[in-house]
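In case you want the letters, here they are:
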Amino acid sequence: MEEKRRLGIKARAISDLTARRSSQLVISQQRGISPKTFSLLKNKHSEIRKAILEGEERLKSAILDAVYKRAMGFETTDEVTTLEIVNERQKKRIVKTRKTFSPDVDACKYLLMIKFGK
């Protein structure tokens, strides 16, 4: 029972690393094992294979979300904090800048062709 729980925790960590586009070499280094051992464990345990597939799906979803955001246009707010000395006292100044990004036609074309098949 304890081994299953530990394997589940490790599978979750592997899924998170895969979702951040980490290679199997990086994953094996993070887990403290050799790449060959990781490959053997992956072939032996279906939970690890499922975790890698889940991480890849999360990565694909995040990429599609980013392309959709770019296709539709978006706004961001940047915040710059500076410290000024006025009359021998520190004064904190926060400057907020709003940026607007217009819709991207190429991203729209990509989504229509790849995601929606039109």
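Being a predicted model, the structure only gives us computed values, none of them experimental.

Caption draft 1: Region of the structure containing the pattern of salt bridges. Per the stated rule, a full pass over the model turns up eight salt bridges. Put simply, Arg98 and Glu75 hold a salt bridge, and the shortest N to O gap is 3.1 Å. Taken as a pair, Arg98 in strand 2 (residues 89-101) and Glu75 in strand 1 (residues 74-86) lie far apart in primary sequence, 23 residues in all. Note that Asp78 and Lys99 form a salt bridge whose closest N and O atoms lie 3.2 Å from each other. Residue Asp78 is found in strand 1, and its partner Lys99 is found in strand 2; the two are separated by 21 residues along the sequence. Exposure remark for Asp78: the relative accessible area of 32% places this residue in the partly exposed category. Connected via shared salt-bridge partners are Asp16, Glu54 and Arg58.

What counts, and at which threshold
- Residues numbered from 1 in each chain as written.
- Predicted model: local features only at pLDDT ≥ 70, side-chain atom pairs only at ≥ 80, totals over all residues.
- Heavy atoms only, no water.
- Salt bridge = Lys/Arg side-chain N within 4 Å of Asp/Glu carboxyl O.
- Helix = DSSP H or I, 4+ residues; strand = E, 2+ residues; numbered from the N terminus.
- Buried < 20%, exposed > 50% of the residue type's maximum accessible area, 1.4 Å probe, protein only.

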